[in-house]
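Observations on the three-dimensional arrangement
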Amino acid sequence: MISLLAGKPNSATFPLTSVQLKARSPTDPNEEVTTELSGKALAEGLQYGPTAGLPSLIEWIHGLQEREHGRKKGEGWRVSVGSGSQDVIHKAIIALVNPGEPVLVESPVYAGVLPTFESLNCEFVVVPTDAHGINSASLRSTLENWPASKPKPKILYTVPYGGNPTGMTATEERRREVLALAREHNFLILEDDPYYYLYFGAAPRPPSYFSLELEQPEVGRVIRFDSLSKILSSGIRIGFGCGPEPIMTAIDMHTAIANLQTSSLTQAITHALLDSWGYENFMAHTRAVSQFYKGKRDVFERLMRKHLDGLAEWDTPEAGMFFWFKLLIKAPGTKGAEEEDSESLIRTKALEKGVLALPGTVFLPDGGKTPYVRAAFSLLDEADVEEAIKRLRAVVLEARGA
C-alpha cells in the first residue's frame, strides 16, 4: 500500500542525529552513566507520535503499574501521557464535570487544581482532612444527607500521599472507607499522587486507591495520576493518567485538539533513561530521593522544635516536601485563640522580616480563616531553614506582644 495520507515532515530534514544523556547511577551517585538515544528510538522521538503517548513509554508504565499497584493490562484501564500530571488532571476534570456541578474536594486542597474547577463554576463540597487522610465519617454524613432533588457529586479529588499543603498521608483504613463510599454513592476518585515515591514514613507505604480498588466488586472508579517531576525532573514535564478506557479516550481527544500530543522527544528521552535503568534501579533511585527528603524533613522539624515549641503545632509529615503548621498567635487558653488567622501575619509581618511562606487560606476552597501556614522544606539548607524559623518565631512573639 502506498500512502498519501500523512502530513508529516520528512525526517531527513531533521538535524539531530543522536542525543547523549549523562546521569548519576541510581545505585552509586558517584558514578556517571551514559545513555544514547539514536536510530529508531530517536526517529520516534523526533516525529509526531500517538496522542496517548509513545508506545515504548506506555509499555514501561504498564509494567510499573503492575509492579507497584498490581494492575495488569486487560482490566479495562489504560495510560494517557501528558505534559506533567497537572495537564492530565485538568483534561480529566473537563471531561467529567459539567459547568455548575458540585465536586467533592478535600480541604485543605492543592491550590493548583482549583482554577480548573472555578473555570467550570463548580460548587465546592468540602471534605475535611486530618493527619490520617480524608475524614470518611464527614464524607459519609455529607453524602447521606444530600438533598434528594439535587444530583450528587460525580468526583472526589484527593492527594493521598504527602498532600500539598498538609503533608498528610491517608491511612489504609481511611482509603478503604472512601472507596466503599465511592461505590455506595457512585462517584469517581481522582487520585492525584505526585508524592507517592516521596514516602518516607516508618510504617510500610499504604496501598494506593488504584491498587485497593481491585478488592472491590468492580474496578473503574479510580483515575490515578502519576508524575515524574519530583523524581526525574520537573522541567521534563512528563506525567500520566491511568483509568477507565472511555475517560482516557476523552483525555486524548482533548490533547489531540489542544496540542496534538505530549512532546515525543521528552518522552523518548524519559524512556531511554528508565529503560536503561530497569525497574529495580528505578526503585533504588526513588528510595534515594525519598531518603533525601526525609533528611530535609528531619532538619526542618528539629529546628521547628528548637524555635517554635509552644508557638506552633503540627503533625509530622511522612511524605512529600511540606510542613503544615498552626501558629499559636495567641497563647492557648487565651480568649479568641481558636479564631486566629495567619493571613495578615504571613503576608505582612513575616514578609517585613524577610521570610516567605503561604498562609493556609490559599488552600481553603470555601474560603474562611485559618491559623495554619504551609512551608516547603525541599530546597533550603540548614542555615537558611534555621534563620527562616527564627524570623517566624519573632513574628509570633511580636503578635503576642511579648
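What comes next is a walk through the structure. Because the structure is a prediction, the values reported are computed rather than measured.

Once that is clear, we can look at unusual backbone geometry. The amide bond that connects Ser107 to the next residue, Pro108, takes the cis arrangement and shows omega of 0°. Relative to the assigned elements, Pro108 resides in the loop between strand S4 (102-107) and helix H4 (114-119). A cis amide bond links Asn164 with the next residue in sequence, Pro165, at an omega value of 25°. Within the secondary structure, Pro165 sits in the loop between strand S7 (155-158) and helix H6 (172-185). One non-glycine residue, Asn121, adopts positive backbone phi at about 55°. If you trace the backbone, Asn121 turns up in the loop between H4 and strand S5 (123-130). Taking the relative accessible area as the measure of exposure, Asn121 reaches 59% and is therefore exposed. Of note in the backbone geometry, Arg237 takes a positive phi value of approximately 55° without being a glycine.

Turning our attention to the packing of helix H1 (residues 39-46) against helix H9 (residues 264-308). Running from amino to carboxyl end, H1 crosses H9 at an angle of 145°, the nearest separation of the two axes being 6 Å. Here Ala41, Leu42, Glu44, Gly45 and Leu46 of H1 lie close against H9, whose contacting residues are Ser264, Leu265 and Ala268. Looking at the contact of H1 with H9 residue by residue, the classes come out as five nonpolar, two polar and one charged.

Turning next to the environment of Ile58. Note on placement: Ile58 falls in helix H2 (residues 55-69). Along the primary structure Ile58 and Thr129 are separated by 71 residues, whereas in three dimensions their C-alpha atoms are 34 Å apart. When sequence neighbours within four positions are dropped, the list of residues in contact with Ile58 reads Ala52, Gly53, Val79 and Val81.

Below, the discussion takes up the packing of aromatic side chains. The geometry of two aromatic rings is summed up by the distance between their centres and the angle between their planes. Under the definition given, this model contains 16 aromatic pairs. Taking 5.1 Å as the distance between ring centres and 90° as the angle between the ring planes, the aromatic pair formed by Tyr161 and Tyr196 counts as edge-to-face. You can see Tyr161 sitting in the loop between S7 and H6 and its partner Tyr196 sitting in the loop between strand S8 (188-192) and helix H7 (209-212), a full 35 residues away along the chain. Here Tyr161 matches Tyr196 in class, with each residue buried. Here Tyr161 and Tyr199 contribute two aromatic rings whose centre-to-centre distance is 6.5 Å and whose plane-to-plane angle is 80°, an arrangement assigned as edge-to-face.

With that out of the way, let us pick up the pairing of strand S14 (residues 372-376). One ladder, built from five bridges, connects strand S12 (residues 322-327) with S14; its direction is antiparallel. Looking at S14, one finds that Phe323 is bridged to Ala375. Where strand S13 (residues 358-359) lies against S14, two bridges are found, and the strand directions are antiparallel. Within S14, the residue paired with Pro359 across the bridge is Val373.

The strand order S3-S10-S9-S8-S7-S4-S5-S6 describes an open sheet built from eight strands, whose pairing is mixed. Both outer strands of the open sheet, strand S3 (77-82) and strand S6 (133-134), are each paired with one neighbouring strand and no more. Docked against the sheet, H2 engages S3, strand S9 (222-227) and strand S10 (239-244), running at close to 125° with respect to S3.

Okay, the sheet that holds S13 next. Strand pairing within a sheet occurs via backbone hydrogen bonds; the two strands may be parallel or antiparallel. As summarised here, the arrangement of the four strands in space is S11-S12-S14-S13, forming an open sheet in which the pairing is antiparallel. The open sheet has two edge strands, strand S11 (312-314) and S13, and neither has a second partner.

Another aspect to go through is the nonpolar core. The biggest cluster of nonpolar side chains holds 107 residues, and the ones touching the most others in it are Phe117, Leu139, Tyr157, Phe187, Phe282, Phe325 and Leu327. Take this core: its biggest share by element is 13 residues, from H9. The residues contacting Tyr157, other than those within four sequence positions of it, are Ile89, Leu104, Val105, Glu106, Val109, Tyr110, Val113, Phe117, Leu190 and Asp192.

In a structure, side chains of opposite charge can pair up when their charged atoms sit close to one another. Across all of its chains, the model carries 28 salt bridges by this definition. With a closest N to O distance of 3.4 Å, Arg183 and Glu218 form a salt bridge. Pair noted here: Arg183 is in helix H6 and Glu218 is in the loop between H7 and S9, with a separation of 35 residues, a long-range link. Here Arg183 falls in the partly exposed class, since its relative accessible area comes to 40%. Measuring nitrogen to oxygen at the nearest pair gives 2.7 Å for the salt bridge that ties Arg297 to Asp298. Since its relative accessible area comes to 8%, Arg297 is described here as buried. Of the residues examined, Asp298 reaches a relative accessible area of 30% and is grouped as partly exposed.

Conventions we followed
- Residues numbered from 1 in each chain as written.
- Predicted model: local features only at pLDDT ≥ 70, side-chain atom pairs only at ≥ 80, totals over all residues.
- Heavy atoms only, no water.
- Helix = DSSP H or I, 4+ residues; strand = E, 2+ residues; numbered from the N terminus.
- Buried < 20%, exposed > 50% of the residue type's maximum accessible area, 1.4 Å probe, protein only.
- Axes fitted to C-alpha atoms, helices over the stretch in contact; angles between N-to-C directions.
- Contact = heavy atoms within 4.5 Å.
- Nonpolar A, V, L, I, M, F, W, Y, C, P; charged D, E, K, R; others polar.
- Phe/Tyr/Trp six-rings, centres within 6.5 Å; stacked < 30°, edge-to-face > 60°.
- Pairing = 2+ DSSP bridges.
- Core = buried A, V, L, I, M, F, W, Y, C linked by side-chain atoms within 4.5 Å.
- Salt bridge = Lys/Arg side-chain N within 4 Å of Asp/Glu carboxyl O.

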